[in-house]
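# Observations on chain architecture
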Amino acid sequence: MVRQLLLVSGLLLIIQSLVFGQTQTVSGVVIDITSKETLPGANILLLDREPLLGTSTNSVGEFVLKDVPLGRHDFQISFLGYQTKVISGILVSSGREVFLEIELEEEIFQGESIEVVGTINKEKPINDMAYVSANTFTVEETQKYAGGLDDPARLVTAFAGVTSLGGIQHNAISVRGNAPKSVQWRLEGIEIPNPSHFAGLSVAGGGGVTLFSSQLLSNSDFMTGAFPAEYGNALSGVFDINFRTGNPNRREHAVQIGLNGLEFSSGGPFKKDSRATYLFNYRFSTLTLLMPLLPVDGTIRYQDLSFNIDIPTQSKGRFSFWGIGGLDHQNFYAKKDSAEWKYAAMDKTNLTADLGVGAMGISHSILAGKKGYIKTTLAVSGNSTQYDKDRINSSRSFDPHLRVTNNTSRIALKSYLNQKIGRVNLRSGLEIQNIRYNIDLKAKPGNQPSISQVMLGDGAAILSQVYTQADISIAPKWSLLAGLHGQWFSISDEIIPEPRAALHWQATESTAFNLGYGVHSQIEELGIYYVQNSMGSPNKDLKMSKAHHLVLGWSQGLGDHHRMKVELFGQRLFDVPVIADSSFSMSNFIQDFSFNETLVNEGEGENYGVELTLERFLNKGYYYLLTGTLYSSEYKGGDGIWRDSRFDQTAFANFLFGKEFFLNDSKNVFGVNSRISIAGGERYSPVLEAESRTNEDVVFNETRAYSKQFETRLVLDLTLSYRKNRNSYSSVVLFQVKNLLSAKDKYFDYNQQTRQVDLIEEGTVLPVISWKIEF
């Protein structure tokens with residue numbers, strides 16, 4: 001009898017699994033978007049299921065929703081006195097529980113309830129005080145968008161106003177006609193060094209691929225202009241990156257192997273029934289293993305580690321300990337056969353580079369009264385570059401050509417208070433960075449016979465920032481943001497007041513207009529202040545570059561799953577460092593380790609244009625995104641002449657499309673994602689052939705700087721994915737193809753065999769295959 005009962009029970013379980021399919025648990029927490037206080041009693045409802053499945057948050061604002069079928073689902077979250085929120089397109093798989101942190105916005109004006117629809121509410125950024133020029137990107141998008149290669153810096157080139165400068169070579173971006181170096185990176189609210197492998201070797205502000213792993217990323221913001229007052233020391237764009245926390249309900253792990261690296265991640269509670277969680281990811285470059293098999297005389301390797309430890313307490317607030325770090329090594333050797341010596345930089349040079357970058361901090365947030373909180377962060381960050389080049393001379397021996405030692409570290413303390421008083425949300429804070437540096441650069445500019453000092457500095461500097469801003473609900477459909485940011489830099493002893501303001505009008509439930517203005521400033525890379533030339537150290541009094549930003553935006557919802565956004569932008573740059581009586585401007589600076597010129601703050605610039613975004617959020621298995629930008633970028637150098645800037649590509653556009661196919665009762669998912677990008681060619685200066693032969697190096701006609709332009713470039717990217725859900729794990733095979741049409745990056749180099757300047761075209765199809773298992 002017992003055996004029969006067990007047999008019947010087993011058969012019932014099998015039948016249930018066949019009929020109802022596999023299920024997973026969805027859990028999370030619901031909090032107030034302003035005060036960060038948890039909301040007990042909030043209702044969570046799974047919308048696309050009959051009968052309806054739902055639950056409510058407990059006394060600490062947490063919820064657990066069991067037996068959610070595999071596949072994509074929409075969830076509705078409601079709470080009395082708050083705007084109802086719908087989160088759509090959440091992928092539920094067998095390998096990992098879904099954990100959601102949901103923020104609800106209070107309804108100040110009764111009777112004006114607005115239902116917000118979209119994937120993690122994509123119409124609104126994570127930072128609720130960013131009214132204009134703010135884009136939210138999700139963790140899934142870093143993996144899903146074709147051409148992203150799991151890299152946030154490559155992902156955002158799909159947004160309006162952002163274009164890539166390096167194809168597959170590096171991840172440098174230009175935002176609204178500005179240089180890559182003017183983009184700032186933040187992690188957990190703190191400014192950090194450029195978090196890219198091989199950062200700054202070819203482009204200041206760019207690198208190979210970022211250290212960030214999709215295993216740790218949470219939904220984050222990318223801003224392209226007129227930032228709120230809390231953002232300083234950035235001139236064109238800000239990455240505001242957040243880490244997710246581990247699942248407090250169970251431990252979860254993932255292993256991934258691919259052409260770009262071996263990865264292992266793990267996260268979950270430290271112990272059973274503990275709300276304290278850990279999450280980490282380690283990546284080791286697979287190129288290290290593949291290099292011996294490739295026909296390349298050299299070595300490339302990198303590795304990185306990121307982590308986040310979250311410790312909530314009953315009465316002392318929430319503590320988090322987070323960090324990220326990476327190490328890089330690269331070396332290449334000159335060709336041994338002199339018959340192959342065409343280009344000095346590629347064929348006659350030994351190169352060695354060792355780089356490191358990292359940031360680590362502890363953050364604490366605690367409620368302050370009923371509708372406020374204080375968040376304080378203490379962080380340490382730094383980057384190190386050791387970069388050497390030796391070049392074969394006429395005697396066929398090696399001469400030192402470049403010696404770079406650049407070590408910078410920062411200790412940063414940041415604290416702010418967020419308090420809601422009636423219809424006003426106030427946020428005020430300060431940030432102090434103590435910067436220590438050791439900079440020693442020697443190079444051989446031009447035909448100089450021997451290596452000489454070009455930058456030298458050893459000491460400390462202070463960068464202090466304070467801000468206050470108020471988000472005011474002035475009427476049922478009108479909101480005003482007013483703020484002031486102040487910045488002081490000790491090297492130049494300059495204090496900059498930066499007013500910021502924005503206005504939001506929710507004309508209808510689906511139509512909104514926004515207006516934003518701000519003054520913004522940014523210091524240069526520290527080496528620029530310590531240039532060494534015949535005048536000693538002439539750049540120590542160099543002021544910060546500054547810009548006025550003005551943005552006018554219109555956002556239109558088109559049903560529940562579409563939106564259109566148009567933004568007009570204008571920027572006026574001033575106090576830009578330039579070389580007197582020259583076309584040179586730091587607003588066009590890419591990278592030059594031999595730079596040792598005297599600079600003055602007499603440059604200007606103008607960027608203005610229009611951006612269009614048309615998006616369908618993922619629904620019924622497919623999505624698309626169309627973005628386009630038409631703009632002009634001009635600058636005035638030290639000679640007082642206005643010219644097209646280096647980054648004036650006139651126009652660029654992107655079209656992304658993705659489709660998912662759910663197979664085997666949603667147990668398996670096949671995805672196809674594509675992207676096509678078209679952009680005006682990069683600008684360059686005419687080549688002076690005779691002078692180039694005399695110098696045996698490329699010499700440009702700087703009096704006609706950036707007057708020429710390469711032809712329009714078309715880039716096609718493709719991503720295929722296949723997710724297979726098992727009872728206790730899921731696996732994902734990802735096949736990404738970058739640059740499917742083999743578009744070329746172009747530059748000039750001097751051919752020592754023909755004694756002519758050649759146009760070099762580089763670019764190839766880059767396939768990246770990976771396999772991941774989640775359990």
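Throughout what follows, the structure given in this document is the object of discussion. (Residues numbered from 1 in each chain as written. Predicted model: local features only at pLDDT ≥ 70, side-chain atom pairs only at ≥ 80, totals over all residues. Heavy atoms only, no water.)

### Section: the overall build of the chain
Across its full length, the chain holds seven helices and 42 strands. Against the 2.2 N^0.38 benchmark of 28 Å for 775 residues, the chain shows a C-alpha radius of gyration of 27 Å, consistent with a compact globule. With respect to the principal axes defined by its C-alpha atoms, the chain has extents near 95 × 60 × 45 Å. In the chain, which comprises 775 residues, the proportion classed as buried is 54%. Across the chain, contacts joining residues at least 24 apart in sequence account for 64% of those joining residues at least 6 apart. With an accessible surface of roughly 32200 Å², the chain has 58% of that area assigned to carbon and sulfur atoms. (Helix = DSSP H or I, 4+ residues; strand = E, 2+ residues; numbered from the N terminus. Rg over C-alpha atoms; globule rule 2.2 N^0.38 Å. Buried < 20%, exposed > 50% of the residue type's maximum accessible area, 1.4 Å probe, protein only. Contact = heavy atoms within 4.5 Å. Areas by Shrake-Rupley, 256 points an atom, 1.4 Å probe, with all protein chains shown as cover.)

### Description of empty space enclosed by the protein
All chains considered together, the criterion is met by nine cavities of 30 Å³ or more. Of the pockets and cavities examined, the largest cavity occupies roughly 1000 Å³. For the largest cavity, the lining is made up of 49 residues, of which P193, N194, G205, N383 and E525 are closest to its centre. Elements with a minimum of two residues in the lining of the largest cavity: β12 (183-187), β13 (190-192), β21 (349-367), β22 (372-392), β23 (398-421), β24 (424-443) and α6 (526-529). The greatest single-element share of the lining of the largest cavity, amounting to five residues, is contributed by β22. Partitioned by chemical class, the residues of the lining of the largest cavity number 23 nonpolar, 19 polar and seven charged. Volume-wise, the second largest cavity comes out at about 260 Å³. In this structure, the second largest cavity is lined by 23 residues; those nearest its centre are S164, R675, S677, R713 and V715. Its residues assigned to classes, the lining of the second largest cavity shows nine nonpolar, nine polar and five charged. (1 Å grid on protein atoms, 1.4 Å probe; cavity = no way out; pocket = protein on both sides within 12 Å on 5 of 7 lines; lining within 4 Å. Points joined across faces, edges and corners; volume = space filled by probe spheres on them. Nonpolar A, V, L, I, M, F, W, Y, C, P; charged D, E, K, R; others polar.)

### Remarks on the nonpolar core
With 37 residues, the main nonpolar core has Y387, F489, I491, L526 and Y529 as its most contacted residues. Elements supplying a minimum of two residues to this core: β21, β23, β24, β25 (452-475) and α6. Top element by residues in this core is β24. It accounts for five residues. With near-sequence residues (within four places) excluded, L526 lies in contact with T408, I435, Y437, I439, F489 and I491. Counting 35 residues, the second largest nonpolar core, distinct from the first, contains L211, F243, W322 and V357. (Core = buried A, V, L, I, M, F, W, Y, C linked by side-chain atoms within 4.5 Å.)

### Some points on the pairing of strand β34 (residues 651-663)
Inspection of the sheet shows strand β32 (residues 622-636) paired to β34 by nine bridges, in the antiparallel sense. Bridged to T629 within β34 is F652. From the end of β34 to the start of strand β35 (residues 668-679), which pair antiparallel, there are four residues, and N664 there has a positive phi angle of about 55°. (Pairing = 2+ DSSP bridges.)

### A short note on the sheet that holds β12
In sheet architecture, strand pairing relies on hydrogen bonds along the backbone and comes in two forms, parallel and antiparallel. Strand order in this open sheet of five strands is β9-β14-β15-β12-β13, and the pairing throughout is mixed. Sheet topology places β9 (134-137) and β13 at the edges, where each strand pairs with a single neighbour. Ignoring which end each strand starts from, the neighbouring axes of this sheet average 25° apart. Where β9 and strand β14 (residues 220-223) come together, four bridges link them in antiparallel fashion. Within β14, the position partnered with F137 by the bridge is S220. (Axes fitted to C-alpha atoms, helices over the stretch in contact; angles between N-to-C directions.)

### Section: the sheet that holds strand β4 (residues 62-69)
Judged by pairing direction, the sheet is mixed, and its three strands sit side by side in the order β4-β1-β7 without closing on themselves. Every other strand in the sheet has two partners, leaving β4 and β7 (98-104) as the edge strands with one partner each. Each strand axis lies, on average, 25° off the axis of its neighbour in the sheet, ignoring direction. Looking at chain direction, strand β1 (residues 23-32) and β7 are connected through seven bridges and run parallel.

### A few points about the pattern of salt bridges
Close approach of charged atoms allows side chains of opposite charge to pair. Using the criterion set out here, one finds 36 salt bridges in the structure. Here R500 ties to E498 by a salt bridge, and the two come within 2.5 Å at their closest N and O atoms. Assigned by exposure class, R500 and E498 land together as buried. In this structure, D644 engages R683 in a salt bridge whose closest nitrogen and oxygen atoms are separated by 3.6 Å. (Salt bridge = Lys/Arg side-chain N within 4 Å of Asp/Glu carboxyl O.)

### Some words on the packing of aromatic side chains
Applying the stated criterion across every chain, the model contains 27 aromatic pairs. Aromatic rings pair up to connect W185, F212, F222, F239 and F243 into one cluster. (Phe/Tyr/Trp six-rings, centres within 6.5 Å; stacked < 30°, edge-to-face > 60°.)

### Thoughts on unusual backbone geometry
Only a minority of non-glycine residues have a phi that is not negative, and only a minority of peptide bonds are not trans. With phi around 55°, K620 is a residue other than glycine that occupies positive phi space. Mapped onto the elements of the fold, K620 is located in the loop between β31 (600-619) and β32.

### Some points on the side chain of N601
Residue position: N601 is located in strand β31. A distance of 2.8 Å separates the side chain of N601 from the backbone nitrogen of K543, its partner in a polar contact. In terms of polar contacts, N601 uses its side chain to reach the backbone carbonyl oxygen of D575, at 2.8 Å. (Polar contact = N/O pair within 3.5 Å; in protein donor to acceptor, adjacent residues only side chain to side chain.)

### Description of a nonpolar patch on the surface
On the surface, I311, F319, F321, M360, I362, L378, V380, I411 and L413 cluster together into a nonpolar patch covering about 750 Å² of accessible area. Breaking the nonpolar patch down by element, the ones donating at least two residues are β20 (318-332), β21, β22 and β23. Among the secondary structure elements, I411 is positioned in strand β23. Since its relative accessible area comes to 48%, I411 is described here as partly exposed. (Patch = residues over 30% accessible without salt bridge, like charges linked within 9 Å, V, L, I, M, F, W, Y side chains within 5 Å.)

### Considerations on the environment of S685
Within the secondary structure layout, S685 lies in the loop between β36 (683-684) and α7 (689-695). Overall, the relative accessible area of 5% leaves S685 in the buried class. Separated by 24 residues in sequence, S685 and Q709 place their C-alpha atoms 8.4 Å apart. Reaching out from S685, the side chain makes a polar contact with the backbone nitrogen of Y706 at a distance of 3.0 Å.

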